[in-house]
Amino acid sequence: MMTRRPRPLRNAALVALCAAALAVATLAVSPAQAAPAARPARLDTQPLLTLLNRDRAAHGVGPLVLDARLTAVAAAHSADMVARGYFAHLTPDGLDPFARMASAGIHYSAAAENIGMARAALPQVATAAAHALMMNELAGQPNHRATILNPALHRVGLGLVHTASGAVYVTEDFTN
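So, how was this worked out
Residues numbered from 1 in each chain as written. Predicted model: local features only at pLDDT ≥ 70, side-chain atom pairs only at ≥ 80, totals over all residues. Heavy atoms only, no water. Axes fitted to C-alpha atoms, helices over the stretch in contact; angles between N-to-C directions. Helix = DSSP H or I, 4+ residues; strand = E, 2+ residues; numbered from the N terminus. Parallel < 35°, antiparallel > 145°, perpendicular 65-115°, else oblique. Left-handed = near helix turned anticlockwise from the far one by under 90°. Contact = heavy atoms within 4.5 Å. Nonpolar A, V, L, I, M, F, W, Y, C, P; charged D, E, K, R; others polar. Phe/Tyr/Trp six-rings, centres within 6.5 Å; stacked < 30°, edge-to-face > 60°. Buried < 20%, exposed > 50% of the residue type's maximum accessible area, 1.4 Å probe, protein only. Core = buried A, V, L, I, M, F, W, Y, C linked by side-chain atoms within 4.5 Å. pLDDT = per-residue confidence, 0-100. Expected span 1.5 Å × (residues − 1). Salt bridge = Lys/Arg side-chain N within 4 Å of Asp/Glu carboxyl O.

### Observations concerning the packing of helix H3 (residues 46-58) against helix H6 (residues 123-135)
Thought 1: At their nearest, the axes of H3 and H6 sit 10 Å apart, and the two run at 25 degrees to each other. Regarding the angle of H3 to H6, the classification is roughly parallel. With respect to the hand of their crossing, H3 and H6 are arranged in right-handed fashion. Residues Leu48, Leu51, Leu52 and Asp55 of H3 lie in contact with H6, whose contacting residues are Thr127, Ala128, His131 and Met135.
Thought 2: For the contact of H3 with H6, the residue count by class is five nonpolar, two polar and one charged.

So, in structure tokens, the structure goes:
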């Protein structure tokens, strides 16, 4: 299958280089260190939805539709990770993404979740970096890219929380 790149190769190389630098910085920071000194702020999800759909289109996959109930689940998970100082799909109470979706009355036959975290001076840059990390993962890492590009998944909920320390926690919940 032939795909078109939405940007020149030099921009892709720059994004990959920035993502690699941020990955090293992010991996060196524990969630407890990234915990906020003040109340975290939820961010606008539209820029991330645009990035997701741009990458899906570049690979011949239809766009995701932002779902309000999935977004509520994703936003609650990002906020919970920040508030309780963990970074995982499984909450300290033992709830996985599928249990969280079910408790919100969301029905599906296929579902997935991506989580990510990045730091930058501007929350928009950290959000873009988290997305770039997911799309440009190293071999052996969880395959966030495959989830983003999965044509069976059509709906998404996005939860973005920016902490006072500059970390952005990202939760992407997908269903068909």
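There is more to say, and it comes next.
### Structural notes on the packing of aromatic side chains
Thought 1: Enumeration over the complete set of coordinates arrives at two aromatic pairs.
Thought 2: Look at phenylalanine 87 and tyrosine 169: their rings are 6.2 Å apart centre to centre, the planes differ by 65 degrees, and that puts the pair in the edge-to-face class. Of the two residues, phenylalanine 87 sits in the loop between helix H4 (68-84) and helix H5 (97-103) while tyrosine 169 sits in strand S5 (residues 167-175), which places them 82 residues apart along the sequence.
Thought 3: Under the relative-accessibility criterion, phenylalanine 87 is labelled partly exposed at 33%.
Thought 4: For tyrosine 169, a relative accessible area of 0% puts it in the buried group.

### Overview of the nonpolar core
Thought 1: Core analysis: the largest hydrophobic core is formed by 22 residues, its most contacted members being Leu48, Ile148 and Val170.
Thought 2: Contributing elements (two or more residues each) for this core: H3, strand S3 (111-119), H6, strand S4 (155-162) and S5.
Thought 3: In terms of residue count, H6 provides more of this core than any other element does, five residues in total.
Thought 4: Residues in contact with leucine 48, not counting those within four places in the same chain, are Thr127, His131, Leu158, Leu160, Val170 and Glu172.
Thought 5: Formed by eight residues, the second largest nonpolar core is a distinct cluster that contains Met81, Ile115, Met117 and Val161.

### Observations regarding the confidence of the model for the protein
Thought 1: Mean pLDDT over the protein: 80, with 75% of residues reaching 70 or higher.
Thought 2: Contacts of residues 1-38 to residues separated by more than four positions or lying in other chains number 39 contacts, the stretch itself having pLDDT below 50.

### So, the environment of alanine 74
Thought 1: By secondary structure assignment, the location of alanine 74 is in helix H4.
Thought 2: Residue alanine 74 is classed as buried on the basis of its relative accessible area, which comes to 0%.
Thought 3: When sequence neighbours within four positions are dropped, the list of residues in contact with alanine 74 reads Gly157, Leu158, Gly159, Thr171 and Asp173.

### Some thoughts on H6
Thought 1: Relative to the 18 Å expected for 13 residues at 1.5 Å per residue, H6 spans 18 Å between its end C-alpha atoms, a close match to the ideal helical length.
Thought 2: Taken as a whole, H6 has its buried residues at Pro123, Ala126, Thr127, Ala129, Ala130, His131, Ala132, Met134 and Met135.

### Topic: the pattern of salt bridges
Thought 1: Per the stated rule, a full pass over the model turns up five salt bridges.
Thought 2: Across the pair arginine 155 and aspartate 67 runs a salt bridge whose closest N-O atoms are separated by 3.0 Å. Linking arginine 155 in strand S4 with aspartate 67 in the loop between strand S2 (65-66) and H4, this pair joins segments that are 88 residues apart in sequence.
Thought 3: In this structure arginine 155 comes out as partly exposed when scored by relative accessible area, which is 31%.
Thought 4: Given the relative accessible area of 11%, aspartate 67 is considered buried.
Thought 5: With a shortest N-O distance of 3.0 Å, aspartate 93 and arginine 84 are connected by a salt bridge.
Thought 6: In this structure arginine 84 comes out as partly exposed when scored by relative accessible area, which is 38%.

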